[in-house]
Amino acid sequence: MTTDGREPTRRPYAVDVRDGRIGEVMGNEGGYVQLRPVGGGREWDCPPESLREAPPGEVLRARVRRLNREGRLP
């Protein structure tokens, strides 16, 4: 809960169908939607017609893949 008693707003996740990347929808500007990779990282722009909603299972798999990558020793 936020300090003013409201529930925090959750951003939706979407799939960039051009390459299959899943990202958190951060906003839109100049006719593009800005997406950020699951777990953080550099945002990228995607045309709205190249997006589809990301099912929860796909988002979870993306999170697990990122955690596994980060947990590997060099």
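Rules of the game
- Residues numbered from 1 in each chain as written.
- Predicted model: local features only at pLDDT ≥ 70, side-chain atom pairs only at ≥ 80, totals over all residues.
- Heavy atoms only, no water.
- Helix = DSSP H or I, 4+ residues; strand = E, 2+ residues; numbered from the N terminus.
- Buried < 20%, exposed > 50% of the residue type's maximum accessible area, 1.4 Å probe, protein only.
- Contact = heavy atoms within 4.5 Å.
- Areas by Shrake-Rupley, 256 points an atom, 1.4 Å probe, with all protein chains shown as cover.
- Phe/Tyr/Trp six-rings, centres within 6.5 Å; stacked < 30°, edge-to-face > 60°.
- Lys NZ or Arg CZ within 6 Å of the ring centre and 35° of its normal.
- Expected span 1.5 Å × (residues − 1).
- Arc of directions from axis to C-beta.

Engineer: Before we move on, could you go through the overall build of the protein chain and cite the residues and values that matter?
Structural biologist: Looking only at helices and strands, the protein chain has 1 helix and 5 strands in total. The secondary structure elements of the protein chain, listed N-terminal to C-terminal, are β-β-β-β-β-α. By residue count, 26% of the 74 residues in the protein chain fall in the buried class. In the protein chain, the share of contacts with a sequence separation of at least 24, taken over all contacts with a separation of at least 6, comes to 34%. Here the protein chain displays about 5700 Å² of accessible surface, and carbon together with sulfur accounts for 50% of that area.

Engineer: So, the packing of aromatic side chains: which residues are in play, and what are the values?
Structural biologist: Per the stated rule, a full pass over the model turns up 0 aromatic pairs. Positioned over the ring face of W44 is R21, at 3.9 Å from the centre of the ring.

Engineer: So what's going on with helix 1 (residues 56-71)? Residues and values would help.
Structural biologist: With 16 residues, helix 1 ought to run about 22 Å at 1.5 Å a step, and its terminal C-alpha atoms sit 23 Å apart, in line with that. Among all positions in helix 1, only E58, V59 and A62 are buried. When helix 1 is viewed along its axis, its buried side chains cluster within an angular range of 100° and face the same direction. Of the exposed residues in helix 1, those oriented more than 90 degrees away from the buried face are P56, L60, L67 and G71.

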